[in-house]
Amino acid sequence: MAEVVLITGGGRGIGAATARLAGARRYRVCVNYRSDEASAAAVVADIRQAGGTAVAVRADVTRSAEVERLFAAVDAELGPLTALVNNAGTLERQCRLDELDEDRLARIWAANITGPFLCAGAAVRRMSTRYGGKGGAIVNVSSAASRLGSPNEYVDYAASKGALDSMTLGLALEVAGEGIRVNAVRPGLIHTDIHALGGEPGRVDRVGPGLPMGRGGEPEEIAESILFLLSPASSYTTGAFLDLAGGR
Ligand code: NAP
């Protein structure tokens, strides 16, 4: 049976590296994106160039109607879903908690909590043996922030990843008997564009040298662990967290 993976936010950063690696491992890949169509198209082109199968589908994962349309596109264009990577996520300008307002909190919860919940639900309805599916795997892209708290930077982001950790555990136990494994990776400081959203594009280069391994990580290093958690190599692993933070 062909493995079919949906990677939310698969056009850039960690999601793009994961999509390329999945394509190379002969998964049929759906690269979801919200707005950056060119980047998603470039990832799809790379996968096809290497002999793989991929499609790009625009959808904002915070909107349930768009999530339904996204999963329907996977059904129609790639076949039965066997894997989901809840990778899409965001953060905003570094500040203290006492400077956060209601609108920002709503945006962070929507992108980093509601999106993964909606996508996980849609994936379970397709993969669970309870619904006639053949099982599968879900990997949530959490963050080292969930255990560090991100003081003076973005406690809201850290807390949203804490919620994702709780969801990972709860859902893993809910569907453990239905053929679905649910795990999470918790990357540390990785070289992607996300740090620019916080107002500090050079954050990894500033903090990296002070980390135990003396450097930030690359998206490809995270992709390897995500693919491990999707694969049969981790067949007895569920509700687990892989800390990918260079010892941080
Ligand atoms: P990135 O380069 O900024 O990429 C984020 C991706 O998420 C983009 O493809 C973006 O789509 C997509 N996205 C954001 N909101 C979306 C929405 N509502 N619907 C659909 N797609 C959406 O970030 P990254 O660093 O690769 O981050 C990927 C994941 O890793 C995130 O969950 C992040 O929290 C986590 N993480 C990153 C680090 C790090 O240091 N980089 C560390 C720990 C955890 P568009 O391209 O269309 O804008």
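Residues numbered from 1 in each chain as written. Predicted model: local features only at pLDDT ≥ 70, side-chain atom pairs only at ≥ 80, totals over all residues. Heavy atoms only, no water.

Novice: Whenever I open this one, the site of the ligand confuses me. Can you help?
Specialist: Near the ligand, the surroundings consist of 29 residues, among which R12, S35, N87, Y157 and T192 are the closest. At a separation of 2.9 Å, an oxygen atom of the ligand approaches a polar backbone atom of R34. Contact distances for the ligand include 2.8 Å between an oxygen atom and a backbone N or O atom of D36. Counting only elements with at least two residues in the shell around the ligand, the list comes to α1 (13-24), β2 (28-33), α6 (155-174) and α7 (194-197). (Near = heavy atom within 4 Å. Polar contact = N/O pair within 3.5 Å; in protein donor to acceptor, adjacent residues only side chain to side chain. Helix = DSSP H or I, 4+ residues; strand = E, 2+ residues; numbered from the N terminus.)

Novice: What is the right way to read the packing of α1 against helix α2 (residues 37-49) from this model?
Specialist: The packing of two helices is summarised by the inter-axis angle and the distance between the axes. Where α1 meets α2, the axes come as close as 9 Å, and the angle between the chain directions of the two elements is 20°. Relative to α2, α1 is oriented roughly parallel. When you trace α1 past α2, the crossing you get is right-handed. In this structure, α1 contributes A16, A19, R20 and G23 to the contact, and α2 contributes V43, D46 and I47. For the contact of α1 with α2, the class distribution of residues is four nonpolar, one polar and two charged. (Axes fitted to C-alpha atoms, helices over the stretch in contact; angles between N-to-C directions. Parallel < 35°, antiparallel > 145°, perpendicular 65-115°, else oblique. Left-handed = near helix turned anticlockwise from the far one by under 90°. Contact = heavy atoms within 4.5 Å. Nonpolar A, V, L, I, M, F, W, Y, C, P; charged D, E, K, R; others polar.)

Novice: Before we go on, may I ask you to explain the sheet that holds strand β6 (residues 180-187) in this structure?
Specialist: Picture the strands of a sheet paired through backbone hydrogen bonds; they go either parallel or antiparallel. Reading across the sheet, the seven strands line up as β3-β2-β1-β4-β5-β6-β7 and stay open at both edges, with parallel pairing between neighbours. In this open sheet, the two edge strands, each paired with only one partner strand, are β3 (53-58) and β7 (241-244). Strand-to-strand, the axes of this sheet are offset by a mean angle of 15°, without reference to chain direction. Of the pairings in the sheet, the one linking strand β1 (residues 4-7) to strand β4 (residues 83-86) comprises three bridges and is parallel in character. Its bridge partner lying in β4, I7 is registered against V85. Along the sheet face, α2 touches β2 and β3 and points at about 170° away from the line of β3. Of the strands in this sheet, β1, β4, β5 (136-141), β6 and β7 touch helix α9 (residues 219-230), which is tilted by about 165° from β6. (Pairing = 2+ DSSP bridges.)

Novice: For this particular structure, what's the right way to read the packing of aromatic side chains?
Specialist: Two descriptors summarise a pair of aromatic rings, namely the distance from one centre to the other and the angle between the planes of the rings. This structure, assessed with the given rule, holds one aromatic pair. Ring geometry for Y154 and Y157: centres 5.5 Å apart, planes at 70°, overall edge-to-face. Comparing Y154 with Y157 shows no difference in burial state: the two are buried. (Phe/Tyr/Trp six-rings, centres within 6.5 Å; stacked < 30°, edge-to-face > 60°. Buried < 20%, exposed > 50% of the residue type's maximum accessible area, 1.4 Å probe, protein only.)

Novice: For this particular structure, what's the right way to read unusual backbone geometry?
Specialist: Negative phi is the rule for most residues except glycine; trans is the rule for most peptide bonds. Residues other than glycine seldom take positive phi values, yet R26 does so here, at roughly 70°. In this model, S150 sits at a positive phi of 50°, which is unusual for a non-glycine residue. On the accessibility criterion, S150 (8% relative accessible area) is buried.

Novice: Explain the environment of K134 here, please?
Specialist: The topology assignment puts K134 in the loop between α4 (102-127) and β5. Judged by relative accessible area, K134 falls into the exposed class, the value being 69%.

Novice: Mind showing me how you'd approach the pattern of salt bridges here?
Specialist: Side-chain pairs of opposite charge can arise where the charged atoms are in close proximity. One pass over the full model with this rule turns up 18 salt bridges. One salt bridge connects R12 with D193, and the closest N-O pair in it is separated by 3.3 Å. Of the two residues, R12 sits in the loop between β1 and α1 while D193 sits in the loop between β6 and α7, which places them 181 residues apart along the sequence. Owing to a relative accessible area of 51%, D193 belongs among the exposed residues under this scheme. Here R125 makes a salt bridge to E68, at a shortest N to O gap of 2.9 Å. Of this pair, R125 sits in helix α4 while E68 sits in helix α3 (residues 64-78), and the two are 57 residues apart along the sequence. Salt bridges here are not isolated pairs; linked through shared partners, they connect R147, D165, R186 and D243. (Salt bridge = Lys/Arg side-chain N within 4 Å of Asp/Glu carboxyl O.)

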